Amino acid sequence: MLRSLVGSEMCIRDSFMVEIMHMQHKSDTDSQLIKGLVLDHGARHVGMPKSLKNAYILTMNVSLEFDKASMDAEMVWGDVEAKEKLVSGERKFVEDKVRAIINLKRQVCNSDDKQEKHFVVINQKGIDPPSLDMFAKEGILALRRAKRRNMERLALACGGSAVNSVDDMTPAVLGFAGSVHEHVLGEDKYTFIEDVKNPYSCTILVKGPNSHTINQVKDAVRDGLRAVKNALEDGAIVPGAGAFEIATSRHLHKYAMEKLTGRIKLGVQVLADALLVIPKTLAVNSGLDQIDTLLKLQEEHEKGHHVGLDLHSGEPMDPAVEGIWDNYRVKRQLIQSASVIASQLLLVDEILKAGKSGTGGGGLPGMGQ
């Protein structure tokens, strides 16, 4: 899972373009990174191919079905022939758009290239059964009513661009994928679009035996994506397992003793002691004695070793060797927020004291009146 998180961020550098898809299937250890896209629906025609190699991808937002009138309208026919003519005209309007797609497919797939090419249509709007039948006869895999977010990510993953009219269709708007296949799980269908070139969007496929496990893994994936994104943007990380807090506390104590006097010295020492709450909490959560554990860590730091706490053994260990790191911006925000929160708490105390002195101990001005 860690490799999937890092791989997805290194691939696109944008966590919003990482689709998190889940399948209630197998174990959570079977979750994987798909360098492409996974759609949570499949083809709606039994005659369409289930697996394609080297496929052009056409993403579109064009209605390929009868559209209902946007306002109430009444049609009056003089005879049956007039009605049949109107119905055939509406059908022809849809079929012309379908034929334009089929002609584009023949243009790009029937080239002189020795490698066989295929065609996939992914439409944000509907496709009626006669149009699906026309696509199936041409060997085209057509998906209808795709989600808007998937339409945006398809263009980033496969290349090309989405079109809103058949008049805009050219070979330049097509994307490409090395593999497109359908996976059926019970009554659910999933379409995998993989082997794409230079993907700017990808999918983390989360698997699990039940919904609770899937939700737990999805939460961990979101947290992990944000942590990896922060590390890439910061360009720096700090040792974890409490090593940063112990080293900072030791440095502040030394600075206060050597260079500060008066009340400022006490304030810096209090801040240094407050930082030790992190290793203390780690020790308590692991069932260890916090005093003994803290003393061991401080003794190792005195020897010049930057160590953190091993939660399994309770002994000091080198977090860099064990691969335990924290985000730089998290520690930065921790230090910046500490002084702000402390100042706000002291300000509240001052307001309460002022209120008591102004009302003879009756609380804030105006209270009790």
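Residues numbered from 1 in each chain as written. Predicted model: local features only at pLDDT ≥ 70, side-chain atom pairs only at ≥ 80, totals over all residues. Heavy atoms only, no water.

Draft legend 1. Representation of the environment of lysine 331 within the structure. If you trace the backbone, lysine 331 turns up in helix H11 (residues 328-358). Accessibility expressed as a relative area gives 10% for lysine 331, which makes it buried. In the structure, lysine 331 is positioned 86 residues away from glutamate 245 in sequence and 9.1 Å away in space, judged by C-alpha atoms. Filtering out sequence-adjacent residues up to four positions away, lysine 331 remains in contact with Val238, Phe244, Glu245 and Asp326. (Helix = DSSP H or I, 4+ residues; strand = E, 2+ residues; numbered from the N terminus. Buried < 20%, exposed > 50% of the residue type's maximum accessible area, 1.4 Å probe, protein only. Contact = heavy atoms within 4.5 Å.)

Draft legend 2. Representation of the packing of aromatic side chains within the structure. On inspection of all chains with the given rule, the structure shows one aromatic pair. An angle of 75 degrees between the planes, with centres 5.4 Å apart, marks the rings of tyrosine 56 and phenylalanine 176 as edge-to-face. Placement of the pair is tyrosine 56 in strand E4 (residues 51-60) and phenylalanine 176 in strand E7 (residues 175-185), with a sequence separation of 120 residues. (Phe/Tyr/Trp six-rings, centres within 6.5 Å; stacked < 30°, edge-to-face > 60°.)

Draft legend 3. Local environment of a nonpolar patch on the surface. On the surface, a nonpolar cluster with roughly 290 Å² of combined accessible area is contributed by Val277, Ile278, Leu334 and Ile335. Sorting the residues of the nonpolar patch by element identifies helix H8 (277-285) and H11 as the ones contributing at least two each. Note on placement: isoleucine 278 falls in helix H8. Residue classification places isoleucine 278 among the partly exposed residues on the basis of a relative accessible area of 31%. (Patch = residues over 30% accessible without salt bridge, like charges linked within 9 Å, V, L, I, M, F, W, Y side chains within 5 Å. Areas by Shrake-Rupley, 256 points an atom, 1.4 Å probe, with all protein chains shown as cover. Salt bridge = Lys/Arg side-chain N within 4 Å of Asp/Glu carboxyl O.)

Draft legend 4. How the structure looks around empty space enclosed by the protein. Evaluated as defined, the whole model comprises one cavity of 30 Å³ or more. Put simply, the largest cavity is a space of about 30 Å³. In terms of lining, the largest cavity is formed by Ile57, Thr59, Leu154, Ala155, Gly159, Gly160, Ser161, Val173, Leu174 and Gly175. Looking at side-chain class alone, the lining of the largest cavity contains five nonpolar, five polar and no charged residues. (1 Å grid on protein atoms, 1.4 Å probe; cavity = no way out; pocket = protein on both sides within 12 Å on 5 of 7 lines; lining within 4 Å. Points joined across faces, edges and corners; volume = space filled by probe spheres on them. Nonpolar A, V, L, I, M, F, W, Y, C, P; charged D, E, K, R; others polar.)

Draft legend 5. Local environment of the pattern of salt bridges. Overall, the coordinates contain 22 salt bridges when judged by the stated rule. Residue glutamate 138 is joined to arginine 106 by a salt bridge in which the shortest nitrogen-to-oxygen separation is 2.5 Å. Placement of glutamate 138 in the loop between helix H3 (129-137) and strand E6 (141-143) and of arginine 106 in helix H2 (residues 80-109) is noted, with a sequence separation of 32 residues between them. When salt bridges with common partners are traced through the structure, they connect Arg91, Lys92, Glu95, Asp96, Arg99 and Asp128 into a single cluster.

Draft legend 6. Quick look at the sheet that holds E7. Read from one edge of the open sheet, six strands run E3-E8-E7-E4-E5-E6, paired in mixed fashion. Because the sheet does not close on itself, it has two edges, and the strands there are strand E3 (37-39) and E6. Each strand axis lies, on average, 35 degrees off the axis of its neighbour in the sheet, ignoring direction. Relative to strand E8 (residues 188-194), E3 is paired through three bridges, and the arrangement is antiparallel. Along E8, the bridge assignment pairs leucine 39 with threonine 191. (Pairing = 2+ DSSP bridges. Axes fitted to C-alpha atoms, helices over the stretch in contact; angles between N-to-C directions.)

Draft legend 7. Region of the structure containing the environment of phenylalanine 176. A relative accessible area of 21% means that phenylalanine 176 is categorised as partly exposed. Taking the C-alpha atoms as reference points, phenylalanine 176 and valine 120, 56 residues apart in sequence, are found 9.3 Å from one another.

Draft legend 8. Structural view of the packing of helix H6 (residues 243-259) against helix H7 (residues 263-275). Running from N to C, H6 and H7 point in directions that differ by 165 degrees, and their axes come no closer than 8 Å. With respect to their mutual orientation, H6 and H7 come out roughly antiparallel. When you trace H6 past H7, the crossing you get is left-handed. Contact residues: H6 offers Glu245, Thr248, Ser249, Leu252, His253, Ala256 and Met257, while H7 offers Lys265, Val268, Gln269, Leu271, Ala272, Asp273 and Leu275. Within the contact of H6 with H7, the residues separate by chemical class into seven nonpolar, four polar and three charged. (Parallel < 35°, antiparallel > 145°, perpendicular 65-115°, else oblique. Left-handed = near helix turned anticlockwise from the far one by under 90°.)

Draft legend 9. Representation of the pairing of E4 within the structure. By the criterion of burial, E4 is predominantly enclosed, with eight of the ten residues buried. With six bridges joining them, E4 and E7 adopt antiparallel strand pairing. Note on E7: the bridge partner recorded for tyrosine 56 is phenylalanine 176. Bridging between E4 and strand E5 (residues 118-123) involves six bridges; their strand directions are parallel. Within E5, the residue paired with leucine 58 across the bridge is valine 121.

Draft legend 10. Structural context of the nonpolar core. In this structure, Leu58, Ile101, Phe119, Ile122, Phe135 and Ile193 are the most contacted members of the largest nonpolar core, which totals 46 residues. The element contributing the most residues to this core is H2, with seven residues. Among residues more than four places away in sequence, those in contact with leucine 58 are Ile101, Phe119, Val120, Val121, Ile122, Val163, Met169, Val173 and Leu174. Core analysis: the second largest hydrophobic core is formed by nine residues, Val206, Val217, Val221 and Leu225 among them. (Core = buried A, V, L, I, M, F, W, Y, C linked by side-chain atoms within 4.5 Å.)

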